[in-house]
Amino acid sequence: MQTLGAVMQVLAKGAAHAEARGSSPDELLTLRLTDDMAPLTFQIVSVWYHSLGAMRSLESGLFQPPPKVDCEGWAGYNTLIHEAIEEISAKTPDAVNALSGKPMKFKAGETELPFLTDDFVQTFSQPNFFFHATTLYDLLRMDGVKLSKMDYLGALRFNQE
């Protein structure tokens, strides 16, 4: 949830940056680090899919590559992150913890990989989630959006004692 919130703020700063220079935030959606790398749209979809999609897969026992997602511009891609935040934050800790230790499969075409839910999250989905959140941050930073490490970290939780 911390990183999803940070992604929302990074996207907001990206939109403000584009508007301040007189362009549409939609122009940012095609940003790439290099020609053979997926664009910003893919990074946003991947953050969504390796958070909310992963949660849904833990519940169903099956994870597959993400569906083709065509959003209507910047606002549509922001909606994906909002959706992930809303749906995941509605889950109770007990409901999430109840998913621990259950068998599940990753299936892509003919390839099937057996996992336990904890191993799937820790060795596949979580690393992908952070990779794509970082790449999204880097793409916007490369384009001149004023971002800092605190933007990436998001809201910290402190001891209230």
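Quantities reported herein were computed from a predicted structural model and do not represent experimental measurements.

A. Quick peek at the pairing of strand E3 (residues 111-116). Sheet topology note: the strand E2 (residues 103-108)/E3 ladder contains six bridges and is antiparallel. Each residue of the ladder has a partner; that of Ala-108, found in E3, is Thr-111. The loop that links E2 with its antiparallel partner E3 comprises two residues; one of these, Gly-109, has a positive phi angle of about 60°.

B. Broad picture of the sheet that holds E2. Read from one edge to the other, the open sheet built from three strands follows the order E1-E2-E3, with strand pairing classed as mixed. In this open sheet, the two edge strands, each paired with only one partner strand, are strand E1 (62-63) and E3. Bridging between E1 and E2 involves two bridges; their strand directions are parallel. Directly across from Phe-63, in E2, lies its bridge partner Phe-106. Most of the contacts of helix H5 (residues 117-142) go to E3, to which it runs at about 110°, and overall it touches E1, E2 and E3.

C. Just empty space enclosed by the protein, in detail. One pass over the full model with this rule turns up one cavity of 30 Å³ or more. Empty space within the largest cavity amounts to approximately 40 Å³. For the largest cavity, the full set of lining residues is Thr-3, Ala-6, Val-7, Val-10, Ala-133, Leu-136, Tyr-137, Asp-151 and Tyr-152. Elements with a contribution of two residues or more to the lining of the largest cavity: helix H1 (2-20), H5 and helix H6 (149-153). Among the elements that line the lining of the largest cavity, the one with the most residues is H1, at four residues.

D. The confidence of the model for the chain, seen in detail. Per-residue pLDDT for the chain has a mean of 96; in total, 100% of the residues score no lower than 70. Looking over the chain, one finds the lowest element-wise mean pLDDT in H6, namely 94, and the highest in E1, namely 98.

E. Broad picture of the layout of surface pockets. What the largest pocket holds in volume is close to 730 Å³. Taken together, 25 residues form the lining of the largest pocket, with Met-1, Met-55, Val-96, Val-121 and Gln-126 sitting closest to its centre. Every element with two or more residues in the lining of the largest pocket is listed here: H1, helix H2 (40-60), helix H4 (93-97) and H5. Its residues placed into classes, the lining of the largest pocket shows 12 nonpolar, 10 polar and three charged.

F. Molecular detail of the packing of H1 against H5. At a minimum axis distance of 10 Å, the contact between H1 and H5 shows a crossing angle of 20°. On the basis of their axis angle, the class for H1 and H5 is roughly parallel. Relative to H5, H1 is oriented so that their crossing is left-handed. Judged by residue contacts, Thr-3, Leu-4, Val-7, Val-10, Leu-11 and Gly-14 of H1 engage Phe-129, Phe-130, Ala-133, Leu-136, Tyr-137 and Leu-140 from H5. Class assignment for the residues of the contact of H1 with H5 results in 10 nonpolar, two polar and no charged.

About the criteria used
- Numbers given to residues run from 1 along each chain, matching the order in which its sequence is written.
- Selection of residues for local features in this predicted model requires a pLDDT of at least 70, selection of side-chain atom pairs for listing and counting requires 80 or more, and totals for whole chains, interfaces and linings are taken over all residues.
- Excluding hydrogens and water, the side-chain values take into account all heavy atoms of the structure.
- For two strands to count as paired, DSSP must find a minimum of two bridges between them.
- Every helix listed is a DSSP run of H or I at least four residues long, and every strand listed is a run of E at least two residues long, numbered separately from the N terminus.
- Two residues form a contact once any of their heavy atoms are found within 4.5 Å.
- Orientation is described by axes fitted as lines to C-alpha atoms, over the contacting stretch for helices, and by angles from 0 to 180 degrees between their N-to-C directions.
- In the cavity and pocket records, a cavity denotes points on a 1 Å grid over the protein atoms alone where a 1.4 Å probe fits but cannot get out, a pocket denotes an open set with protein on both sides within 12 Å along at least 5 of 7 lines, and lining residues are residues with an atom within 4 Å of a point.
- Grid points are joined across faces, edges and corners, and a volume is the space filled by probe spheres set on the points.
- Known as pLDDT, the predictor's per-residue confidence is scaled from 0 to 100.
- All residues other than Ala, Val, Leu, Ile, Met, Phe, Trp, Tyr, Cys, Pro, Asp, Glu, Lys and Arg, Gly among them, are scored as polar; the first ten of these are nonpolar and the last four charged.
- Should an angle fall under 35 degrees it is called roughly parallel, over 145 degrees roughly antiparallel, and 65 to 115 degrees roughly perpendicular, with every other angle called oblique.
- In this scheme the crossing of two helices becomes right-handed for a clockwise turn of the near helix relative to the far one and left-handed for an anticlockwise turn of less than a right angle.

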